[in-house]
Amino acid sequence: MIKLTETVLNGLALGSVYALIALGFVVIFKASGVMNFAHGSLLLFGGYVTARLHDAIGFIPAVLVGAALAAALAGLVQLLATRGLRGAEIHTLTILTIGVDVLLSTELNRQVGADYLTMGDPWGADVTRLGSITVADARIAGIVVAVIVIGAFFAAFRWSRWGLSMRSAAADPEAAALMGIRLDRVRLIAWCVAGALAALAAVFLAAFPAPGLDRTTSQIALSAFPAAILGGMDSAVGALIGSLVIGLTAAMAAGYQNELSILGAGFSDVAPYLVMVLVLLVRPTGLFGSKELTRV
């Protein structure tokens, strides 16, 4: 029972961080229809900035600067790449983000090197014991921060002018443009928000019990990709629920690896994708994805 409780807590913490990443996928897709495969590089960039600056300016300022620069880089990608190919097909823009990811990840991998970079977080390797249950403080902090940030995101999405414009543009871009909504601005802000969320996620992905930030950290963004697909690419609520499901699945598969050894040593790596495939076989649009109706 103790192992199960610890595994569930780890799964919730992992799912909370995945939610920050998955929301980035969803908000860009809702705003521009583009599947952003450069998201992992944005995550690594934000984490790299934080790791390099925390000694000089402190942890929290470094996180804020990392998030701001990741948001600016995401906005730059949107301005130079997607807006530069105005009128191009969506699949062309999606493929373009793959090229952007290759360029960014190549340079970032060179900068990071083979070392593990510490994030300078105040939790370190501290743990909290609740009876016989042990939980890393970084995991608890990840849950708390994710709840606050995601709550602020949904509040802005529901009540702010940008949120209203975003929902209108996602529902009917042409009608939104006719009503005076500046679609380019909505899309630019969406990319910036996604970049900031990715940078924040990098802090907790590299925190204890992880050894630190390294070149493979960007690949973890791909682990959040099934969460966005599972929940539905056009649903922010779906991204949140899908992230919790994927986080719990990954934690359970890793925590009970010995009991599941018959399925292979790397089952915990493929378990989230297996859940995604099983759900898509039943609901091709995801758990909360909206179905497109075509009149003939």
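It should be noted that the structure appears before, not after, this text.
Here we summarise the structure given alongside this text. The model shown is predicted, which means the values in this text are computed figures rather than measured ones.

A word on the overall build of the protein. Looking only at helices and strands, the protein features 11 helices and two strands. Taken against the 2.2 N^0.38 rule, which gives 19 Å for 296 residues, the C-alpha radius of gyration of the protein at 19 Å falls within 12% of a compact globule. Across its three principal directions, the C-alpha atoms of the protein cover 60 × 50 × 35 Å. Across the 296 residues in the protein, those meeting the buried criterion constitute 45%. Taking contacts inside the protein between residues at least 6 apart in sequence as the whole, the part at least 24 apart equals 75%. For the protein, the exposed surface amounts to about 14600 Å²; the carbon and sulfur share of it is 66%. Charge-centre separation for the protein: the mean point of 18 positive side chains lies 10 Å from the mean point of 17 negative side chains.

What follows concerns the packing of helix α10 (residues 236-255) against helix α11 (residues 267-282). Running from N to C, α10 and α11 point in directions that differ by 150°, and their axes come no closer than 8 Å. α10 and α11 meet at a crossing whose hand is right-handed. For the pair α10 and α11, contact is made by V245, I246, T249, A250, A253 and A254 and by F267, S268, A271, P272 and V275, respectively.

Turning our attention to the packing of aromatic side chains. Applying the stated rule across the entire model yields six aromatic pairs. Ring plane angle 40° and centroid distance 5.9 Å describe the contact between F37 and F225, whose orientation is recorded as tilted. Separated by 188 residues along the polypeptide, F37 in the loop between α1 (2-32) and α2 (39-57) and F225 in helix α9 (residues 221-231) bring together distant segments of the chain. By relative accessible area, which is 32% here, F37 ends up partly exposed. In this structure F225 comes out as buried when scored by relative accessible area, which is 17%. Ring centres of F59 and W123 lie 5.7 Å apart, and the angle between their planes is 85°; on these two criteria the pair is classed as edge-to-face.

Taken as a whole and assessed by the stated rule, the structure comprises one salt bridge. The partner of R110 in a salt bridge is E107, and the shortest N-O contact between them spans 2.7 Å. Within this pair, R110 and its partner E107 are both found in helix α4 (residues 90-112), separated by three residues, close to a single helical turn. Overall, the relative accessible area of 36% leaves E107 in the partly exposed class.

A few words on unusual backbone geometry. In the segment running from F208 into P209, the intervening peptide bond is cis, with an omega of 10°. By the element assignment, P209 lies in the loop between α8 (183-205) and α9.

Once that is clear, we can look at the nonpolar core. Core analysis: the largest hydrophobic core is formed by 69 residues, its most contacted members being I21, L23, V27, L43, W162, M166 and L213. Once residues lying within four places of it in the same chain are set aside, the contact partners of I21 are H39, L43, A201, L205, A221 and A224.

Quick notes on the rules
Residues numbered from 1 in each chain as written. Predicted model: local features only at pLDDT ≥ 70, side-chain atom pairs only at ≥ 80, totals over all residues. Heavy atoms only, no water. Helix = DSSP H or I, 4+ residues; strand = E, 2+ residues; numbered from the N terminus. Rg over C-alpha atoms; globule rule 2.2 N^0.38 Å. Buried < 20%, exposed > 50% of the residue type's maximum accessible area, 1.4 Å probe, protein only. Contact = heavy atoms within 4.5 Å. Areas by Shrake-Rupley, 256 points an atom, 1.4 Å probe, with all protein chains shown as cover. Lys, Arg positive; Asp, Glu negative; His and termini not counted. Charge placed at Lys NZ, Arg CZ, Asp CG, Glu CD. Axes fitted to C-alpha atoms, helices over the stretch in contact; angles between N-to-C directions. Left-handed = near helix turned anticlockwise from the far one by under 90°. Phe/Tyr/Trp six-rings, centres within 6.5 Å; stacked < 30°, edge-to-face > 60°. Salt bridge = Lys/Arg side-chain N within 4 Å of Asp/Glu carboxyl O. Core = buried A, V, L, I, M, F, W, Y, C linked by side-chain atoms within 4.5 Å.

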